[in-house]
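Spelled out, the chains give:
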Amino acid sequence: MTHLLLDLPPMSAAHFASIEDRVARLLSTTQDVVLMQGEALLPLEGAIRATAGPGTTALNVITGPYGQTFGDWLRDCGATVIDLTVPFHTAVTAEQVRSAFAEHPEIDFVSLVHAEAATGNTNPVAEVGEVVRAHGALFYLDAVASVGAEPVLPDAWGVDLCVIGAQKAMGGPAGVSAVSVSERAWARMAANPRAPRRSYLSLLDWKERWIDGGRKALLHAPAQLEMLALEACVERIEAAGLDAVMGRHASAAAATRAGAVALGGGLEPYVRDAAEAAPVATTLRAPSGTVASDLVARALSADPDLPLAAGGGALAGEMIRVNHYGPQARPGAVRASLAALGAALGETGLDVDTDGALRAADAAWR
């Protein structure tokens, strides 16, 4: 039996390298880009373990759950960690980062999540990057959720380690990911005796055996189907135009926010300032006296394919998330989500205006 996805010839090193080059163009970066053969947690953890260790003092910005995870990894590496925790309904500011540097001038590493899909906020990386660059610290950025939904520009922003994944706004596979690496970051890794080597986490293995070798021989058999899916994903973005793809996500966010406000019933945006709301997903605060996870369950009972989820962990009681990314960044998905939430709220006895919400969403779509 033959199948389109089976019995493929091995992917050549040249083909693999060409996909790396396309990802680099997507990021407008001249830095080295390494395509890691695993979900984005692989380069996220690998980059921290490669560049942090005893003697590192890290400023770890927490605006959601991933920032908490990065702090755990940094401590496990032996780094001294200074957590800058910001309420999840807002974003960090460059001034907060500057103040942390003034209080702790020994900081030499900064970790930040660009967009927190889990909490719906997005951080001003350009402004933060300017402050980090002036201080001289290494800048590590999780742009997994933001890439494809808003600009991600590691070179312009002074980001030394920028990790992306394709499974959210890019609408691609989850099984491969990428990290752009500056020369400063490579030097930090080379000087770190605890950086992983001969390990699936190792970025230095890719540097020494792949990049330094002219990208002629792969370290191991690549995840070929995922690599081909990533290539197709990037081709689709190139054909549509990155600005158009980001515009779809911005429109989906604006429409969802406007529709939720017009829906009424006590539903309101979780991220208070629209300028700090991520275009990849919109989070909503459930009305007083309701439970977010119950409302989501009601909404999904009518249509399990809606891009709705309750907040994770302790946020399950108060937060509803509309995941309007990738193929869901379209008017139909936003309208269906608002209608389902309106029905769920109405079943609890709350007074809602579903028709008004749909009109507001349509008017806000740019």
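Residues numbered from 1 in each chain as written. Predicted model: local features only at pLDDT ≥ 70, side-chain atom pairs only at ≥ 80, totals over all residues. Heavy atoms only, no water.

## Observations regarding the pairing of strand β3 (residues 80–85)
- Sheet topology places strand β2 (residues 57–62) next to β3; six bridges connect them, and they run parallel. Directly across from A58, in β3, lies its bridge partner V81.
- On the question of chirality, the crossover connecting β2 to the parallel β3 by way of helix α3 (residues 65–76) is right-handed. (Pairing = 2+ DSSP bridges. Helix = DSSP H or I, 4+ residues; strand = E, 2+ residues; numbered from the N terminus. Right-handed = clockwise from strand over helix to strand, strands pointing away.)

## Structural notes on the sheet that holds strand β1 (residues 32–36)
- Sheet architecture is open: seven strands sit in the order β1-β9-β8-β7-β4-β2-β3, paired in mixed fashion. Of all strands in the sheet, those bounded by a partner on one side alone are β1 and β3. Between one strand and the next, the sheet's axes are offset by a mean angle of 15°, whatever the strand orientation.
- Note that β1 and strand β9 (residues 177–181) share five bridges and pair antiparallel. (Axes fitted to C-alpha atoms, helices over the stretch in contact; angles between N-to-C directions.)

## Concerning the layout of surface pockets
- Estimates place the volume of the largest pocket at around 260 Å³.
- Along its surface, the largest pocket is lined by 19 residues, and A253, A274, A277, A278 and P279 are the ones closest to its centre.
- Elements represented by at least two residues in the lining of the largest pocket include exactly α10 (242–263) and β11 (282–285).
- Ranked by the residues each element gives to the lining of the largest pocket, the list is headed by α10, at four residues.
- Residue composition of the lining of the largest pocket, by class: 12 nonpolar, four polar and three charged. (1 Å grid on protein atoms, 1.4 Å probe; cavity = no way out; pocket = protein on both sides within 12 Å on 5 of 7 lines; lining within 4 Å. Points joined across faces, edges and corners; volume = space filled by probe spheres on them. Nonpolar A, V, L, I, M, F, W, Y, C, P; charged D, E, K, R; others polar.)

## Concerning the environment of L141
- As for its placement among the helices and strands, L141 is situated in strand β7 (residues 138–142).
- For L141, a relative accessible area of 0% puts it in the buried group.
- Considered as a pair, L141 and A274 are 133 residues apart in the sequence and their alpha carbons are 22 Å apart. (Buried < 20%, exposed > 50% of the residue type's maximum accessible area, 1.4 Å probe, protein only.)

## Observations concerning empty space enclosed by the protein
- Counted according to the given criterion, the structure contains one cavity of 30 Å³ or more.
- In this structure, the largest cavity occupies an estimated 60 Å³ of space.
- As for the largest cavity, its lining consists of V23, L26, L35, I164, G165, A166, M170, V176, S177, A178 and L230.
- Contributions of two or more residues to the lining of the largest cavity are made by α1 (13–26), β8 (161–165) and β9.
- Here the lining of the largest cavity is composed, by residue class, of nine nonpolar, two polar and no charged.

## Thoughts on helix α9 (residues 224–240)
- Taking 1.5 Å as the rise per residue, α9 with 17 residues should run 24 Å; its terminal C-alpha atoms sit 24 Å apart, in good agreement.
- If you check which residues of α9 are buried, you get Q224, M227, L230, E231, C233, V234 and I237.
- Buried residues belonging to α9 abut α1, β1 and α10.
- Two residues or fewer after α9 comes G241, characterised by a positive phi angle close to 95°. (Expected span 1.5 Å × (residues − 1). Contact = heavy atoms within 4.5 Å.)

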